[in-house]
Amino acid sequence: MKIVSVDVFLLDCGTTDWRPIVCRVNTDEGISGYGEASVGFDSGAPAAYAMIRDIAPLVIGMDPMAHEAVWDKLFRQTFWAQAGGVIVFSAISAIDMALWDIKGKALGVPLYQLLGGKTSDTLRCYASQLQFGWGHNMGKAVTDEELTEACVKATEEGFDAVKINFITFDEMGGRVGFLRGPIPSGYRRMIERRAGAVRKAVGDDVDIIVENHARTDAVSAVEMSRILEQYRIMFIEEAATPLYPETMRVIRQNTTIPLAGGERIFGRWGFMKFFQEDTVQIAQPDIGTCGGITEAKKICDMAHAYDVGVQIHVCGSPVSIAASLHMEASIPNFVIHEHHIINRSSMNIDLGIYDYAPVNGKISIPELPGIGQELSEKAMKEALASCTVEQ
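The notes below deal with the structure included here. Every value quoted in this text rests on a predicted model; they were computed, and no experiment measured them.

Considering the pattern of salt bridges
- For the coordinates displayed, the defined rule picks out 24 salt bridges.
- For arginine 193, the salt bridge is made with aspartate 144, and the minimal N-O distance between the two is 2.7 Å. In this pair, arginine 193 sits in helix α6 (residues 185-202) while aspartate 144 sits in helix α5 (residues 144-156), placing the two residues 49 residues apart along the sequence.
- Among the residues examined, arginine 193 registers a relative accessible area of 34% and is labelled partly exposed.
- By relative accessible area, which is 16% here, aspartate 144 ends up buried.
- Glutamate 246 is paired through a salt bridge with lysine 273; the nearest N and O atoms lie 2.6 Å apart. Residue glutamate 246 is located in helix α8 (residues 245-252), and its partner lysine 273 is located in helix α9 (residues 267-276); the two are separated by 27 residues in the primary sequence.
- Overlapping salt bridges bring together Lys163, Glu211, Glu237 and Glu338 as one network.

In structure tokens:
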């Protein structure tokens, strides 16, 4: 079997804030596989689309079953990949994910079988990013009442864990931005009041996860964690920038709340120091940016050696959602699955032909060959841009 072409799609969801990038790798035996570069939100999507198109000629003619050889070629022969940047790594991730999809389809087995088999039939989920509400489109949950209403709605659907960024919006619904140094008293009161209201609303049996999106530095992150400790927080995600691991060490030494991160860490080398210094207790590699399934499996296994749990970061199209479920189901150090609010929106659901959604806070694993997901005809037909790379 040989790779004969690669189709690349920049998908249209009606907003520049959400433009998933998916590739389809095609073989001479008629089997195709799908993979995603998970930089579809915010900026970067057109760059990832162009990067896949640029590196795809390197894999034409190669054996799609030899994912290690393909990965190494893309990493070693593209020069910039060895710097670990998000755009080139997301392009490698998309192609690699597609190869695993091909392998599963060729062998007639779900991806999780290729990764070692399931360690669990269903995965515990958390409702993610409730500062945007918990409807079927992203809005704003600014007041205590709006936040607690979103959390209660999620728990009534069966979720026993929720994730909120308490500093996305200020009291008036404007963006807070970056908290550098000591937290101003008004924001301190806002954080404590919001966290207290959520804890009271959901009770003691629901886990609260705090999202920070690296909008705090060492000083403000430590101060925030001390405010939050009384509310029994499951973990804090991206307490500080991943560019400087020493910052996370300072935070780790000054809080009892576990730290999580990984969506902006690329490759096994990027994660290594965080594991070695115990500055991340929950690793969150994104299969669409960390280097694909090949690299994510290495990262998860390395995390296991350091007693680090794993929650695959997933904020993408139905393609990356399906791939993440397979990875999480196959690893013994799985912690919890992220069900992002974007997964509830029809603009995202309609990109795929299957909708994998939690039931009573748990989600099942796709049982179809490969990753068990493909782009819909509508998604491909209405793409903002598409191209085919051939020899």
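A short note on the environment of glycine 104
- With respect to the secondary-structure elements, glycine 104 resides in helix α3 (residues 86-107).
- Leaving out residues up to four positions away in the same chain, glycine 104 has contacts with Val109, Leu114, Pro369 and Gly370.

Overview of the pairing of strand β11 (residues 337-340)
- The alternating pattern of β11 places His337 and His339 and Glu338 and His340 on opposite faces, both of which are buried.
- Relative to β11, strand β4 (residues 122-128) is paired through four bridges, and the arrangement is parallel. Bridge pairing in β11 places cysteine 125 opposite histidine 337.

Conventions and cut-offs
Residues numbered from 1 in each chain as written. Predicted model: local features only at pLDDT ≥ 70, side-chain atom pairs only at ≥ 80, totals over all residues. Heavy atoms only, no water. Salt bridge = Lys/Arg side-chain N within 4 Å of Asp/Glu carboxyl O. Helix = DSSP H or I, 4+ residues; strand = E, 2+ residues; numbered from the N terminus. Buried < 20%, exposed > 50% of the residue type's maximum accessible area, 1.4 Å probe, protein only. Contact = heavy atoms within 4.5 Å. Pairing = 2+ DSSP bridges.

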